[in-house]
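# Breakdown of the fold
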Amino acid sequence: MSEVRLVGPNGEQVGIVRVEDALRLAQEADLDLVEVAPDARPPVCKLMDFGKFKYEADMKAREARRNQANTVLKEIRFRLKIDPHDYGTKKGHVERFLKAGDKVKVMIMFRGREQSRPEMGVRLLQRLATDVAELATIESMPKQDGRNMIMVLAPVKKKAEAKSEKRRAQAEAEAAKDAGRPDAPNAPEQAAPVPAPDAPAAAESAPAAVPSAPAAPAESDVAQA
């Protein structure tokens, strides 16, 4: 690799430069030279603080795992011949679960000859889905499971949250485009500082800051900071 397509710290396109010149620019800016698109021709590198980048990526991954753990599948059971009062009470439970951000597994239990009238179960579940339409979408349509019929409702994301996620996705796509990988917005997570040409062994063993640039802070040190 003698030349790279260089991207500045703010996403600006520097152009195709020699590796030695890219390393010099990284050292002058007190930044790391990180390869973000190794399969491109020439490879794409970006000037960045690799320690800060790694810390922020870990924080995003931790937040994503926490959000997944917070999603709980609640279960509530209906009888096919439920009276209006009980229906209203159980519907209130479903609404409370959905407002808390949990999914709801709704189950209808058939008794005796009721199993021969599955269409009545479908109508009841569809009625419930219509009544809570502002809070939920149907993730799993009603389906027969032995003596039971099951439907899964998922909470609807708030408009503000949906807009925020959309803006974040657009920002990631633009960042990837600047890095020369419009089809892989997550590619920078696999990035690693580019070693100097005379240190191939270091590149194969583990990501490390370029020899000519100041060493990137260790992940643990950055986290404590």
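Scroll up a little and you will see the structure.
Residues numbered from 1 in each chain as written. Predicted model: local features only at pLDDT ≥ 70, side-chain atom pairs only at ≥ 80, totals over all residues. Heavy atoms only, no water.

The next subject is the overall build of the chain. Helix and strand content of the chain: seven helices and nine strands. Relative to its 225 residues, the chain shows a buried fraction of 31%. Only carbon and sulfur atoms are counted for the fraction: they give 50% of the accessible area of the chain, which is about 14,100 Å². (Helix = DSSP H or I, 4+ residues; strand = E, 2+ residues; numbered from the N terminus. Buried < 20%, exposed > 50% of the residue type's maximum accessible area, 1.4 Å probe, protein only. Areas by Shrake-Rupley, 256 points an atom, 1.4 Å probe, with all protein chains shown as cover.)

With that out of the way, let us pick up the packing of aromatic side chains. Counted according to the given criterion, the structure contains two aromatic pairs. Sitting above the plane of the Tyr 87 ring, Arg 127 keeps its charged end 3.8 Å from the centroid. (Phe/Tyr/Trp six-rings, centres within 6.5 Å; stacked < 30°, edge-to-face > 60°. Lys NZ or Arg CZ within 6 Å of the ring centre and 35° of its normal.)

Counting residues in each nonpolar core, the largest one holds 21 residues, and the members touching the most others are Phe 78, Val 94, Val 106, Ile 108 and Leu 153. Elements that contribute at least two residues to this core include exactly strand S5 (73–79), helix H3 (84–99), strand S6 (103–109), helix H4 (118–131) and strand S8 (148–155). (Core = buried A, V, L, I, M, F, W, Y, C linked by side-chain atoms within 4.5 Å.)

Turning our attention to the pattern of salt bridges. Taken as a whole, this structure holds seven salt bridges when the rule is applied. With a closest N to O distance of 3.2 Å, Arg 24 and Glu 28 form a salt bridge. Pair noted here: Arg 24 and Glu 28 are both in helix H1 (residues 19–28), with a separation of four residues, about one helical turn. Accessibility expressed as a relative area gives 39% for Arg 24, which makes it partly exposed. Look at Glu 28 and you get exposed, because its relative accessible area is 56%. (Salt bridge = Lys/Arg side-chain N within 4 Å of Asp/Glu carboxyl O.)

Turning our eyes to something else, we now look at the sheet that holds S5. Within the open sheet, the four strands sit side by side as S5-S6-S8-S7. Their pairing is mixed. Every interior strand has two partners, whereas the edge strands, S5 and strand S7 (136–145), have only one. Sheet twist, expressed as the mean angle between neighbouring strand axes with direction ignored, is 20°. Pairing of S5 with S6, which is carried by seven bridges, proceeds in the parallel orientation. (Pairing = 2+ DSSP bridges. Axes fitted to C-alpha atoms, helices over the stretch in contact; angles between N-to-C directions.)

Time to look at the pairing of strand S1 (residues 3–7). Alignment of S1 against strand S2 (residues 13–18), held across five bridges, turns out to be antiparallel. From the neighbouring strand, Glu 3 faces S2, where its bridge partner is Arg 18. What sits between the antiparallel neighbours S1 and S2 is a turn of five residues, in which Gly 11 has the positive phi angle 90°. By the bridge criterion, three bridges tie S1 to strand S4 (residues 44–48) in an arrangement that is parallel. Note that in S4 the partner of Leu 6 across the bridge is Cys 45.

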